[in-house]
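Overview (structure and organization)
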Amino acid sequence: VQLVESGGGLVQPGGSLGLSCAASGFTFSSYAMNWYRQAPGKERELVGSITSAGASTNYADSVKGRFTISRDNAKNTVYLQMNSLKSEDTAVYYCHTRRLFTDIWGQGTQVTVSS
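This text gives an overview of the structure that appears in the document. Owing to the predicted nature of the structure, the values given are computational and were not obtained by experimental measurement.

Observations regarding unusual backbone geometry
Not every positive phi belongs to a glycine, and Asn-76 is a case in point at roughly 50°. For Asn-76, the location among the structural elements is in the loop between strand S7 (67-72) and strand S8 (77-82). A positive phi angle is found at Ser-84, which is not glycine, with a value near 50°.

Things to note about the state of the cysteines
The final tally for this structure, using the stated rule, is 1 disulfide. What pairs with Cys-21 in a disulfide is Cys-95, and their sulfur atoms sit 1.9 Å apart. Its torsion about the S-S bond being 55°, the disulfide of Cys-21 and Cys-95 is classed as right-handed. A residue pair is termed long-range when its members are at least 10 positions apart, and Cys-21 in strand S3 (residues 17-24) and Cys-95 in strand S9 (residues 91-99) qualify at 74 residues. Exposure remark for Cys-21: the relative accessible area of 0% places this residue in the buried category. Judged by its relative accessible area of 0%, Cys-95 is buried.

With respect to the pairing of strand S1 (residues 2-6)
Residues Leu-3 and Glu-5 of S1 are buried on one face, while the alternating residues Gln-2, Val-4 and Ser-6, pointing to the opposite face, are not. Judged from the 5 bridges that link them, S1 and S3 form a sheet pairing that is antiparallel. Looking at S3, one finds that Gln-2 is bridged to Ser-24.

What about the sheet that holds S3?
In space, the 4 strands of this open sheet follow the order S1-S3-S8-S7, with antiparallel pairing throughout. Looking at which strands have only one partner, the edges of the open sheet turn out to be S1 and S7. Each neighbouring strand pair of the sheet contributes to a mean axis angle of 15°, computed without reference to strand direction. Alignment of S7 against S8, held across 6 bridges, turns out to be antiparallel. Considered in S8, the bridge of Thr-68 is made with Gln-81.

Some details on the environment of Val-92
Checked against the element boundaries, Val-92 lands in strand S9. Separated by 15 residues in sequence, Val-92 and Thr-77 have C-alpha atoms that sit 18 Å apart. Leaving out residues up to four positions away in the same chain, Val-92 has contacts with Tyr-36, Arg-37, Gln-38, Gly-108, Thr-109 and Gln-110.

What about the packing of aromatic side chains?
As enumerated under the stated definition, the model contains 4 aromatic pairs in all. Centroid distance Phe-26 to Tyr-31: 5.7 Å. Interplanar angle 75°. Geometry classified as edge-to-face. Assessed through its relative accessible area of 9%, Phe-26 is described here as buried. Among the aromatic residues, those joined into a cluster by ring pairs are Phe-26, Phe-28 and Tyr-31. Over the face of the ring belonging to Tyr-94 we find Arg-44, whose NZ or CZ atom lies 3.8 Å from the ring centre. For Arg-44, the ring lying beneath its charged end belongs to Trp-105, and the centroid distance is 4.5 Å.

Definitions and cut-offs
- Residues numbered from 1 in each chain as written.
- Predicted model: local features only at pLDDT ≥ 70, side-chain atom pairs only at ≥ 80, totals over all residues.
- Heavy atoms only, no water.
- Helix = DSSP H or I, 4+ residues; strand = E, 2+ residues; numbered from the N terminus.
- Disulfide = S-S within 2.5 Å.
- Buried < 20%, exposed > 50% of the residue type's maximum accessible area, 1.4 Å probe, protein only.
- Pairing = 2+ DSSP bridges.
- Axes fitted to C-alpha atoms, helices over the stretch in contact; angles between N-to-C directions.
- Contact = heavy atoms within 4.5 Å.
- Phe/Tyr/Trp six-rings, centres within 6.5 Å; stacked < 30°, edge-to-face > 60°.
- Lys NZ or Arg CZ within 6 Å of the ring centre and 35° of its normal.

Okay, here's the thing in structure tokens:
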């Protein structure tokens, strides 16, 4: 059972970046997926979620209207598209799911928003 994020990097304020999270070892299409982030010195926070079939999403107020979560169940992958990035979006981003009462986390990918 594994989640592997990719796509992080350095981007200027106002720019865009897309993250991917590839899942393996479980029936991806049966589980809701979440994106979290953790900034230096801060607690990990929920960025947003998507239901198992991708029909519904929800987002933290801080990213609503700027970030979009989507998924491709045929590719066992969930995505996070981030637009209009701000310096306060700088963090390590993690994908997550909860399966059989167990939390599954990816290793995280660093996103740095700076000029």
